[in-house]
Each structure stands twice: as structure tokens, then as C-alpha cells.
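Coordinates in review
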Amino acid sequence: MPPISFTYLLKRLLRGEPWQRLHVKAAVWATLLLMLVLLVGSWVIVPVEASSRHATITSFPRALWWSVETATTVGYGDMYPVTPWGRVIASVVMFVGISVFSIVTASLATWFVSNAVHRMRRLALTLEHAERKGRTEASEDLRALHERFDRLEGLLRNQGGSPGERGN
């Protein structure tokens, strides 16, 4: 039995066919980058802000909550950086958060559109197949009707005259 660990399960999951698509890879990598920026931003901002007299971000748990609300652009206003370097860190966290949510939104939109396109292609192939089948059947029916008319014309000719002469 293979070892069950987070990395093993992640590798198994990411090797599947749906995970090989570019938009899914972009969303996964962007999410991992966001988590890294949240953790590093939280870790870095505490010493930068803790020395300030009006600091509201004074511990790692508070910094982690601040980084999550900053990255998601919620920004309740209960915690905010007061030092210039803290504001630089906040800008990075905001930029990465907005970018990641944009990438994830675009990936979801791509997934929905690709599913719709896939269904439409299947429908187009089904219609094309039905049209080909219908044309083949119509062609066979037309050929059979021509043969019947040819036989009827032959019978009428054998009975004495052409079909146009019978009315005169």
C-alpha cells in the first residue's frame, strides 16, 4: 500500500487529466502563491508593525487574520498597518490577493465555457451525423422512386405508346 501523505495525495490529484489543463494549473499555482504570500506577509508584518505605538497588528494570529481580510479586499478596518513598510507589505498582499481571485474567477469561467463548447461540439457532431444519415436515406429513397418511375414508363411503353400519347 502506498504511503498516504499530503504530498502523495496532491501528486496523485494533480496528475489526473482535468488537472493538466492550463487554466486549472494557473489557478492551483496562484492559490499556492497566495497562501505563501499570506503566511510570509503575516510573518513579516508583525516585527515591522509591533514597534509602532499605534500598531493594531501585534501578533501572528492577528497578522494572519489581517492578511486574509486584506487579500480578500474585505478590510474591516479593525487592523491596518501604520508604518510605511507595513503599508508596502499590505500593498503586496492586496495585489497578490486581487490577482489570485482574478485568476481563479477566470479559470472558473474558462471551465464553464469549455464545458458549454464541448456540449455544443457533441451536439453539432450528432446533428451532422443525423444530416448525413438523412441525406443517405433520402438519396436511396429518390433512387428507388426513379427506378419505379422508370419501370412504370417501361410498362406504359410496352402497352403501346408513350405516356404523352395516351391523352390524344
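Before going into details, it helps to say that this report is about the structure given with it. (Residues numbered from 1 in each chain as written. Predicted model: local features only at pLDDT ≥ 70, side-chain atom pairs only at ≥ 80, totals over all residues. Heavy atoms only, no water.)

What about the nonpolar core?
- Grouped together as the largest cluster of nonpolar side chains are 16 residues, with contacts concentrated most on Leu-34, Ile-45, Ile-57, Trp-66 and Val-93.
- Of all elements in the fold, only helix H2 (22–50), helix H3 (60–71) and helix H4 (84–158) reach the threshold of two or more residues within this core.
- Contact partners of Val-93, with chain neighbours within four places excluded, come to Val-37, Leu-38, Gly-41, Trp-66, Ser-67, Thr-70 and Ala-71. (Core = buried A, V, L, I, M, F, W, Y, C linked by side-chain atoms within 4.5 Å. Buried < 20%, exposed > 50% of the residue type's maximum accessible area, 1.4 Å probe, protein only. Helix = DSSP H or I, 4+ residues; strand = E, 2+ residues; numbered from the N terminus. Contact = heavy atoms within 4.5 Å.)

What to know about H4
- When the terminal C-alpha atoms of H4 are compared, their 109 Å separation across 75 residues agrees well with the 111 Å that a helix rising 1.5 Å per residue should span.
- Those residues of H4 that sit buried are Gly-86, Ile-89, Ala-90, Val-93, Val-96, Gly-97, Val-100, Ser-107 and Gly-154.
- If you follow the buried residues of H4, they end up packed against H2 and H3.
- Two residues or fewer past H4, Gly-160 is found with a positive phi of approximately 115°. (Expected span 1.5 Å × (residues − 1).)

Observations concerning the packing of aromatic side chains
- Counted under the stated rule, the structure contains 2 aromatic pairs.
- A centroid spacing of 6.2 Å and a plane angle of 10° characterise the contact between Trp-65 and Tyr-76, whose relative ring orientation is stacked. Of the two residues, Trp-65 sits in helix H3 while Tyr-76 sits in the loop between H3 and H4, which places them 11 residues apart along the sequence. (Phe/Tyr/Trp six-rings, centres within 6.5 Å; stacked < 30°, edge-to-face > 60°.)

Observations concerning the packing of H2 against H3
- With their axes 8 Å apart at the nearest point, H2 and H3 run at an angle of 135° to one another. Taken together, the axes of H2 and H3 are oblique relative to one another. Crossing hand, H2 versus H3: right-handed. Of the residues in H3, those touching H2 at Leu-34, Leu-38, Leu-39, Ser-42, Trp-43, Ile-45 and Val-46 are Phe-60, Ala-63, Leu-64, Trp-66, Ser-67, Val-68 and Ala-71.
- Residue classes in the contact of H2 with H3 are distributed as 12 nonpolar, 2 polar and no charged. (Axes fitted to C-alpha atoms, helices over the stretch in contact; angles between N-to-C directions. Parallel < 35°, antiparallel > 145°, perpendicular 65-115°, else oblique. Left-handed = near helix turned anticlockwise from the far one by under 90°. Nonpolar A, V, L, I, M, F, W, Y, C, P; charged D, E, K, R; others polar.)

Digging into the pattern of salt bridges
- Counting across every chain of the model gives 3 salt bridges.
- Across the pair Arg-135 and Glu-131 runs a salt bridge whose closest N-O atoms are separated by 2.7 Å. Placement of both Arg-135 and Glu-131 in helix H4 is noted, with a separation of 4 residues, approximately one turn of the helix.
- The class for Glu-131 is partly exposed, based on a relative accessible area of 42%. (Salt bridge = Lys/Arg side-chain N within 4 Å of Asp/Glu carboxyl O.)

Quick word on H2
- Here H2 is 29 residues long and its end C-alpha atoms lie 41 Å apart, about the 42 Å a rise of 1.5 Å per residue gives.
- For H2, the full list of buried residues reads His-23, Val-24, Ala-27, Ala-30, Leu-34, Val-37, Leu-38, Gly-41, Ser-42, Ile-45, Val-46 and Glu-49.
- In this fold, the buried residues of H2 make contact with H3 and H4.

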